[in-house]
Amino acid sequence: MSGKIKKIAVLTSGGDAPGMNAAIRAVVRTCAYYKVEILGVYRGYQGMIEEDFVELNARSVRDTINKGGTFLKSARSKDFKTKEGRKKAYENLKKHNVDALVVIGGDGSFTGALLFNQEHNFPVMGIPGTIDNDIYGTTYTLGYDTALNTAVEAIDKIRDTASSHNRMFFIEVMGRDAGFIALNTGIGGGAERILIPEENTPVEELLQDLEEGHAKGKTSNIIVVAEGDKSGKNVFQLKEYVEQKHPEYDIRVSVLGHMQRGGAPSCYDRVLATRMGVKAVESLLDGKSNYMVGINNDRMDLVPLEKAIKGGEGDKIDKDLIRIAEIMSV
């Protein structure tokens, strides 16, 4: 391990995700293991600008691995988008003798980290924390597995009501730009139809599917809709449109919303967060910078931040899962 880094700062930025606390814990305890000082930054980049810091140690993170959200808090920062704001953040870190920074967040957080490094040559390492699973270079992001389990549990309960009353339910899940949650929870929850941004399903095609299902004897329907679905209508407009065409349907809408972000992280997310936290600190101590820690084929990888932000060629969504969903909707 390199002896150049004596103190590391850690922050969480952007939307919270289950597993962030477990990742902070792993970063803190890995630093303690290697006898490196660790500084917590409250409220993300805004906390860096306002010097909202706390000294951490191995005992500071006890009883956090099972907690959702982030005890370091998270916030958007307009000030950090300016050179003046980033300069102030840099000066504050140097004032506290910080040598490197671990950023736990998503695409926007990594963009800020990359700019910070480019302007001040400050070592940074990213850990992907977002329930949407839409970061390139890692099979899974922190919080994604927990969000899937939360959504499937909710869908299972809604299905009981749908079956009992012969109702159709449109269930909106998170995924403004990506359909990972919708596609996987739709298959796992036995949905009759799944609408995701990547597929751009015409509304008329949805109506045809519903008519064919009705002719086959389907008396209730679960339709999972990603919030970023590009059918041209939001979930409430979809409900109204289908009702206008088929007033015989008894239709309800359920928006799962931010409940998908909360709750205790799953075992998978706790283990993944721990592995990523250890890898982030050890990589910084080895002199690495400007990388995101990812998992591929169950191995920890380092992906250049710029590549993680810009993404790769092609679509990350699993086309075979789309095909399987089609087969299961028979």
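Residues numbered from 1 in each chain as written. Predicted model: local features only at pLDDT ≥ 70, side-chain atom pairs only at ≥ 80, totals over all residues. Heavy atoms only, no water.

Student: Looking at this structure, I do not really get the overall build of the protein chain. What am I missing?
Tutor: A tally of helices and strands in the protein chain yields 11 helices and 11 strands. Dimensions of the protein chain along its principal axes, counting C-alpha atoms only, are 70 × 35 × 35 Å. Split into buried and exposed, the 330 residues of the protein chain put 52% on the buried side. For the protein chain, restricting intrachain contacts to residue pairs at least 6 apart in sequence, the fraction spanning at least 24 positions comes to 75%. By element, 47% of the accessible surface of the protein chain is carried by carbon and sulfur atoms, the whole surface being about 15,000 Å². Each charge class in the protein chain was averaged separately, 43 positive and 46 negative side chains, and the resulting centres sit 8 Å apart. (Helix = DSSP H or I, 4+ residues; strand = E, 2+ residues; numbered from the N terminus. Buried < 20%, exposed > 50% of the residue type's maximum accessible area, 1.4 Å probe, protein only. Contact = heavy atoms within 4.5 Å. Areas by Shrake-Rupley, 256 points an atom, 1.4 Å probe, with all protein chains shown as cover. Lys, Arg positive; Asp, Glu negative; His and termini not counted. Charge placed at Lys NZ, Arg CZ, Asp CG, Glu CD.)

Student: How should I be thinking about the environment of Thr-111 in this particular structure?
Tutor: Note on placement: Thr-111 falls in helix α4 (residues 107–120). Remark: the alpha-carbon pair of Thr-111 and Ile-309, spanning 198 residues in sequence, is separated by 6.7 Å.

Student: In this structure, what is going on with the packing of helix α5 (residues 144–165) against helix α6 (residues 180–188)? I would like to understand it.
Tutor: Each pair of packed helices can be summarised by the angle the axes make with each other and by the distance between the axes. Between α5 and α6, whose axes approach to 9 Å, the crossing angle comes to 45°. As summarised for this structure, α5 and α6 are arranged oblique, according to the angle between their axes. Crossing of α5 over α6 shows right-handed handedness. In this structure, α5 uses Tyr-144, Ala-147, Leu-148, Ala-151, Val-152 and Ile-155 to contact α6, whose residues at the interface are Phe-180, Ile-181, Asn-184, Thr-185 and Gly-188. Per-class residue counts for the contact of α5 with α6 are eight nonpolar, three polar and no charged. (Axes fitted to C-alpha atoms, helices over the stretch in contact; angles between N-to-C directions. Parallel < 35°, antiparallel > 145°, perpendicular 65-115°, else oblique. Left-handed = near helix turned anticlockwise from the far one by under 90°. Nonpolar A, V, L, I, M, F, W, Y, C, P; charged D, E, K, R; others polar.)

Student: What is the right way to look at the environment of Lys-288 in this model?
Tutor: Following the sequence through the fold, Lys-288 ends up in the loop between α9 (267–285) and β10 (291–296). For Lys-288, a relative accessible area of 36% corresponds to the partly exposed category. Separated by 231 residues in the primary sequence, Lys-288 and Asn-57 have C-alpha atoms spaced 23 Å apart. Excluding residues within four positions of it along the chain, Lys-288 makes contact with Met-125, Ser-283 and Leu-302.

Student: Where do I start with the nonpolar core in this structure?
Tutor: Core analysis: the biggest nonpolar cluster contains 61 residues, and Ile-8, Val-10, Val-102 and Ile-222 have the highest contact counts within it. For this core, the element with the most residues is α5, which contributes eight residues. For Ile-8, the contacting residues outside a window of four places in its chain are Cys-31, Val-36, Glu-37, Ile-38, Leu-39, Val-98, Ala-100, Val-102, Val-281 and Leu-284. (Core = buried A, V, L, I, M, F, W, Y, C linked by side-chain atoms within 4.5 Å.)

Student: Explanation requested: the pattern of salt bridges in the structure shown.
Tutor: Working definition: two side chains of opposite charge can pair if their charged atoms are close together. Inspection of the entire model under this criterion finds 15 salt bridges. Note that Lys-95 is salt-bridged to Glu-51, the shortest N-O span being 3.1 Å. Of this pair, Lys-95 sits in helix α3 (residues 83–95) while Glu-51 sits in the loop between α2 (44–49) and β3 (53–56); the two residues are 44 residues apart in sequence, bridging distant segments of the chain. The class of Glu-51 is partly exposed, set by a relative accessible area of 29%. The salt bridge involving Lys-239 is made with Glu-243; its shortest N-O contact spans 2.9 Å. A residue pair is termed a helical-turn pair when its members lie 3 or 4 positions apart in one helix, as Lys-239 and Glu-243 do in helix α8 (residues 235–245) at four residues. The exposure class of Glu-243 is partly exposed, given its relative accessible area of 27%. Linked by salt bridges that have partners in common, Arg-43, Glu-50 and Asp-52 make up one network. (Salt bridge = Lys/Arg side-chain N within 4 Å of Asp/Glu carboxyl O.)

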